[in-house]
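Chains, contacts and geometry: an overview
Chain residues, written in single-letter form:
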Amino acid sequence: AFAGARDVGLLVLANLRKSILCREAADDLATAKLYEELVEIVVIVLAKRHEIEKLTVDNERENEAVDIVEDIMMGGGGMSADSSESAGELSPRDAMKISGGIETETSLGWANYAGLGEALRECGEGASEASEKGSSNGKLEKLRAYLDAFDEVELREVEGEWDGDEGQLTEPHIAPDVIQKYVEKGSAERERVAAVRNETMVQIRKQNVAMCCDWYKSVKAEMLEGGEECCLFERSVGDGGRDFYSRQVLFPVDQQFGKELPSYLDYEGGVEGGGSEMVEDGKNETGVEEKNGEMINSVEELGREIARKASIAIKNIASEEFLIEGEEDNGGKVGSEEGVGRPSEIVDAYANTENKEGGGGIDVQEYDGSGGGAAHVLSDGGMSCGGLGVVDNMFANCLHVRAAGSRVVTVFMSNSHLVLEYRENLFDGEALALEEARVRRMENSMTMGMDEKEAEEAEGDKYQPPYRTKALRYSISDFSQVYLRRYRLRDSGVEIFMCGGSGQELGSSSVFLDFGAGREGQSKRDHFCLVLMKRVRKGCYKQWPGMSLRRVLNDHNITNMWKEKKISNFDYIMYVNILAGRSLNDITQYPVFPWVLSNYVGETIDLEDEGNYRDLTKPMGALNEERLSDFLERYNSFVDNTIPPFMYGSHYSTAAGVVLHYNVRLHPFAALHRQLQGGNFDVSDRLFSSVARTFEMCTSALSEVKELTPEWFCGTGTFLKNVNNFNFGTMQDGVKVDDVVLPPWANGSPERFVEINRSALESDIVTKMLPDWIDLIFGYKQRGKAAVENNNVFFYLTYAGSVDVAAIEDPALRSATELQIAHFGQCPMQIFFKPHERQRTFRGGPNSLKDAIEPYSIPNAGSNGVLYKPFTGAPISHWYHLTPEPLALKVGYLAVRIISNNRIMAVDSTGTFHFYVFAWKMDTKNVQQQEARLRSDLMRISEIQKGEAAALAAQRQLSSDSHDSDSSARGSLSFDSALVDSMYDDIVPVNYDVGNFILEREKSGFKNLPRTPEMTPKVVAISYRLVDNLTVIVSDGGVGNISLQLVDVRGEVKNTHLIKGVLSGRAVKIGSDSESSIGEKEFFAVGGDDGAVLIFVITSDDLPKRPLHRISPLAHGGNEILGLAVSVSLRVVVSVSKKKVCVHSLVSGKLLRSWKGGDGDIGGGGVAISKLGYVIYHQFTKSGGGMIIMATIEGERLGELALSGVNNIFTVCGGTAVGVGCEGAKVRLFRVSAVKPFDEIDFWEVGGETENDLLGVGSSVAVQGVDFGPNRKISGYPSVVVVALSDGSIRLHALRGIGKWSQSVGISIASQVKEILEKPVGAIGVVGKTVLGGLGRAGLGIFGIGKEIINDVSA
């Protein structure tokens, strides 16, 4: 505003100065005096305005860049336009660019305003002398330099010219000039003020109101009784990531739309003669029009239009030339990625970079989306992104792709952060929906006699979009994977995955960005990736531009992991989807999963009966032979010069027909569904209402070949329940649509249905057929002649490479093509080019604890028909019990942890740290004999396989020579592959677990006794991960304080940090995630006796100085926290108090769900949370007994088990099982299952009954801590379990796989003895005595190594 007033004032003064000279030259002194008075008035006003503005600016200093701009505008500093001395490397021109809309050029030039502020100040100080003669001339003299410059620029083309004191002067027309300038400046200023008042202030007001409402609802929700907060919110699914488990957690959102339903969509009362199979004439289940049993669609016309108008060739996917994703012998480079214009230098420089090292090594020039060369400094005030440092890269006009909706963003990047700044508040498609709503309101108002304003008031804010985040900030150090992506079949996207618990928004664990259409978008994407990949941390996987999908697949090694049964079928399919470009963020490229069962009508289902399974060797369209004949007839008779023939007019994975169809009961899918249906839900008969009905449609209707989504196999089945109480209306048969009708064998339980469906997916029957289905969707049967032979040909626009979308120059045609691609379906990127390999099984039952407790598999018995028991079934040599020393104080342990491959750490009730060293000694002679036998069996199988391969080769040669199509004749020449499979099943694998333990307690000197700062801490927790090779100890630090310590594996405390004043009382419970990955963040939750919960995050950088979130004591009504559990996979923290169970977000700290404990009080035995979405906690009964309860994360109770004396609940293998420690030194292990809650796997008696017992513990001893380890990344499952007891004893137990683990880490008995011998001579006796005393007579006899140790120590 001052800039406009300044220029108008200088124009007036320049004109008045000339007018005074003209009047004086004409001896018109009276008029000249009037002009001088006007000069006085203008100068005084301008000086006063400057004074006020200067005072305002001085009081609102923000940062260096804004100060520079203000200084220039106010006429101070004397800085030249090109100077950068006072701002470092930031020039005034650059500073003005980021000042927020200030023009970078003026008619006078910024340099000519230097010193104006001081001149106006002097003029203002002389205002009291305004009546004195000559004062106006003095003021004009002080401003002469500026007026001369103004005359030179502004008045050159005005009537007359003036060259100072000489020459002729024509008096200007003051009024027209000033009025014109005033009108221009005033109009611009009024527009600016109006924009601030009508837009900026409204947005700020909305933001403040939204924040207040959000805060109010959050506080109110925490104050309500458990479960009552549901009346305030509806339930929504979070954003996508690589790990699907986090999608099980629903978070609260405001009501998105009304519950009413138009009468023409609701058949309440039914239709006479209607049936459950009735749908609206001419449409299929998903609302797509049909004619003569086939879909009427504009795709054919669009295809011809593309070929005609864009002059682009359409490729036939059935031809061999269409194998655009690469051949087997192309060196691992993907053909389509070589043909998109990437220079080979990029492939050579980046694709071969070691992904574990992070950093490219090639200098990348700075890129700013507007073409400017300024380095931008983003301050705290600019984008609320303090601490970003210098932002040296900007990418404009990008698209942030999310399932809830996409928004245009500007991407800023610094060395440490990635910032997304949104240009609009509306999601893609919302603007059109709002306009349609406005039209409907106008039509209703005309019908009802109301005007538009009255109609809007009646509607309220129903059609107003919610206030959304304006900017997001992500730490680059959190990025764990960076993959190239396609968006609408154009190669212009990138998806960034983050470590667990990362991301600003609730549920956000990945970012999907699209950089625009055409070659420019692809080039911008590649540049963004090259810049980003230089800055990510070590260990972050990077798919460099030009890197082939084959290379990515080989780097992850997931196929071999699946073949070795280290990952489940579900995880493998999810991995394959992610690597093939499918994303939970893009509903047009949602992950694809198969129908696995075919029986949805039986009262029971036998998962060992192959008749209950769908044939996975065929696509959905080929399951029904009668329907397939119609498809083939259309394919063979289809003749078009432009469009290649196709079998199926629909697709197995589409946004509207699959993703929104299945998930219509949850946000944000419900809102997206309503947008596509004109603001309402679709006709009730076409909604997803029955599993059996949907499967029948997908196997019989000509327009339905849809597959499934991940929700069908993971979680608690919330997508099958109408948790938001939507009004879906009534079908024509009078049945109201609510929850999905499940098969009879599910017993009405969505949890049971999902678990049985998942169990079917993990069954051996599906495992054998799964490679065939992968070949159809992701492999060599997706394209070419193999696709035709396997009846797997879809419309050409669903395949990448069929049309070069980037080459379509017509924007309208390109947009129509992309929209068709987005809604009609997209085939995944092909990542397998040969027949997929199969699993081989060995006889002998489960080979690890993970196999034994897998909840989604049929209980697997060993060769003798006996189920594997990890504890009671183990030989006595697999355990070791170390009792306290006779003279030691028998104090109980508070925590125990396996901190390395051969070390255990425990903390007792006095805060003292204890360290133990263990090792496994393998019986090598026995193992060598078993290996020789196995090698002989495998060689025998290898010979059979060679013969089979030769026979198959001869068969193909004979077939090609004779062109005989008789399959029976050809089949007679090949070996039966089942013979080889049966031989594998008969092989017993080598048992490497033959051996025994050795365990030693390490001694610490009195002067170096490691301990917690508090002498008697109430609670202690030991980190599961290492920070700079140091273990983190979190403990109670006294009243109001939390202690954090860094301890090395030798027991030396390296650092102690006390966080003071964060609690009103003392810490009583600490929870952490036992399954958090090594190298990522670890979260701790600390609960106080006042009901407050603090969330801390520990990284490899430093210890936290303050909690990440503080959960108010209101959530638990001020009651003491009795248990805490953290899940990084689900990104939640669960806390329990006397009356309530609360689930809070690990990312935002907000309350997600709460429920009451029940009739009795919740006990202090603790709480555990499974990544499967179940919460297990301890509760008392009315009679005073105890029980453990399993509930879903939504608070629905699934089962309970009477159990007394519970003092510890923990999860095993990611929550697939739960362990319960009880009094009497007993540990019970249960499988987490909705079909059979608390299915007991094993019962482990850690202690004995008398002190004379070998175990040396009494019945009153309690289990204080349990840990499974060591590093599970080596073997894929835990190999050792340690238990700490309340009497100071330690129990060590070997699990199956201990032998292989010991071999892989190189820990042996010899290395432990060597460590003992390297100690000083005086200490050898003590150490040797400790080792031998710990073993005892029975221990030495069991292990059979007493003589060896004695001889080594003596030597």
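Look a little higher up for the structure.
A brief look at the structure comes next. (Residues numbered from 1 in each chain as written. Predicted model: local features only at pLDDT ≥ 70, side-chain atom pairs only at ≥ 80, totals over all residues. Heavy atoms only, no water.)

Here we look at helix H18 (residues 569-579)
- Burial analysis of H18 places 9 of its 11 residues in the buried class, which makes it a mostly covered element.
- Along H18, the positions that sit buried rather than exposed are Asn569, Phe570, Tyr572, Ile573, Met574, Val576, Asn577, Ile578 and Leu579.
- Where H18 is buried, its residues meet strand E12 (479-487), strand E13 (490-498), helix H16 (549-556), helix H17 (558-563), helix H23 (750-761) and helix H24 (764-777).
- In the segment just after H18, Gly581 is the residue with positive phi, at about 95 degrees. (Buried < 20%, exposed > 50% of the residue type's maximum accessible area, 1.4 Å probe, protein only. Helix = DSSP H or I, 4+ residues; strand = E, 2+ residues; numbered from the N terminus. Contact = heavy atoms within 4.5 Å.)

Focus on the sheet that holds strand E39 (residues 1226-1231)
- Pairing is antiparallel in the open sheet, where 4 strands are placed in the order E37-E38-E39-E40. Every other strand in the sheet has two partners, leaving strand E37 (1206-1212) and strand E40 (1239-1245) as the edge strands with one partner each. When the angles between neighbouring strand axes are averaged without regard to direction, this sheet yields 20 degrees.
- Where strand E38 (residues 1217-1222) lies against E39, 6 bridges are found, and the strand directions are antiparallel. (Pairing = 2+ DSSP bridges. Axes fitted to C-alpha atoms, helices over the stretch in contact; angles between N-to-C directions.)

Brief notes about the packing of aromatic side chains
- The final tally for this structure, using the stated rule, is 36 aromatic pairs.
- Taking the centre distance of 5.1 Å and the plane angle of 70 degrees together, the rings of Tyr662 and Trp712 count as edge-to-face. Pair noted here: Tyr662 is in helix H20 (residues 655-662) and Trp712 is in the loop between helix H22 (691-700) and H23, with a separation of 50 residues, a long-range link. When sorted by exposure, Tyr662 lands in the same class as Trp712, which is buried.
- Directly above the ring of Phe681 sits Arg674, whose terminal nitrogen or CZ lies 5.1 Å from the centroid.
- Seen from the ring of Trp879, Arg1291 lies directly overhead, with NZ or CZ sitting 4.8 Å from the centre. (Phe/Tyr/Trp six-rings, centres within 6.5 Å; stacked < 30°, edge-to-face > 60°. Lys NZ or Arg CZ within 6 Å of the ring centre and 35° of its normal.)

Observations regarding a nonpolar patch on the surface
- Together, Leu38, Ile41 and Val45 make up a nonpolar patch on the protein surface, roughly 270 Å² of accessible area in all.
- With respect to the element layout, Val45 can be found in helix H2 (residues 29-59). (Patch = residues over 30% accessible without salt bridge, like charges linked within 9 Å, V, L, I, M, F, W, Y side chains within 5 Å. Areas by Shrake-Rupley, 256 points an atom, 1.4 Å probe, with all protein chains shown as cover. Salt bridge = Lys/Arg side-chain N within 4 Å of Asp/Glu carboxyl O.)

Re the side chain of Gln543
- Tracing the sequence through the fold places Gln543 in the loop between strand E15 (541-542) and H16.
- Separated by 3.0 Å, the side chain of Gln543 and the backbone nitrogen of Leu484 make a polar contact. (Polar contact = N/O pair within 3.5 Å; in protein donor to acceptor, adjacent residues only side chain to side chain.)

Some thoughts on the packing of H18 against H24
- Here H18 crosses H24 at 10 degrees, and the two axes come no closer than 12 Å. Viewed along their axes, H18 and H24 adopt a mutual orientation that is roughly parallel. For the pair formed by H18 and H24, the contact residues are Asn569, Tyr572 and Ile573 on the first element and Thr767, Leu770, Trp773 and Ile774 on the second.
- A per-class count over the contact of H18 with H24 returns 5 nonpolar, 2 polar and no charged. (Parallel < 35°, antiparallel > 145°, perpendicular 65-115°, else oblique. Nonpolar A, V, L, I, M, F, W, Y, C, P; charged D, E, K, R; others polar.)

A short note on the pattern of salt bridges
- One pass over the structure, following the stated rule, counts 32 salt bridges.
- Across the salt bridge formed by Asp148 and Arg144, the nearest N and O atoms sit 3.4 Å from each other. Of this pair, Asp148 and Arg144 both sit in helix H7 (residues 144-154), 4 residues apart, which is roughly one turn of that helix.
- According to the relative accessible area criterion, Arg144 is partly exposed, its value standing at 30%.
- With a closest N to O distance of 3.6 Å, Asp1267 and Arg897 form a salt bridge.

Some details on the sheet that holds strand E28 (residues 1109-1111)
- A sheet is described by the order of its strands in space; here 4 strands give the open sequence E25-E26-E27-E28, paired in antiparallel fashion. The open sheet is flanked by strand E25 (1067-1072) and E28, the only strands paired with a single partner. Geometrically, the sheet is characterised by an average inter-axis angle of 20 degrees between neighbouring strands, direction not taken into account.

Considering the packing of H20 against helix H21 (residues 669-676)
- Between H20 and H21, the shortest axis-to-axis distance is 9 Å and the interhelical angle comes to 140 degrees. Judged by the inter-axis angle, H20 sits oblique to H21. The element H20 and its partner H21 pack so that their crossing is left-handed. Here H20 contributes Ala656, Val659 and Leu660 to the contact with H21, which in turn contributes Phe669, Leu672, His673 and Leu676.
- Here the contact of H20 with H21 is composed, by residue class, of 6 nonpolar, 1 polar and no charged. (Left-handed = near helix turned anticlockwise from the far one by under 90°.)

Details of the pairing of E25
- Within E25, 5 of the 6 residues are buried, which leaves the element mostly enclosed by the surrounding structure.
- Of the strand pairs in this sheet, E25 and strand E26 (residues 1082-1088) are connected by 5 bridges, and their pairing is antiparallel. Bridging from a neighbouring strand, Ala1067 pairs with Gly1088 of E26.

Overview of a negative patch on the surface
- Taken together, the side chains of Asp606, Glu608, Asp609, Glu610 and Asp764 present a region of like negative charge at the surface.
- Within the secondary structure, Glu610 sits in the loop between H18 and helix H19 (625-637).
- In this structure Glu610 comes out as exposed when scored by relative accessible area, which is 59%. (Lys, Arg positive; Asp, Glu negative; His and termini not counted. Charge placed at Lys NZ, Arg CZ, Asp CG, Glu CD.)

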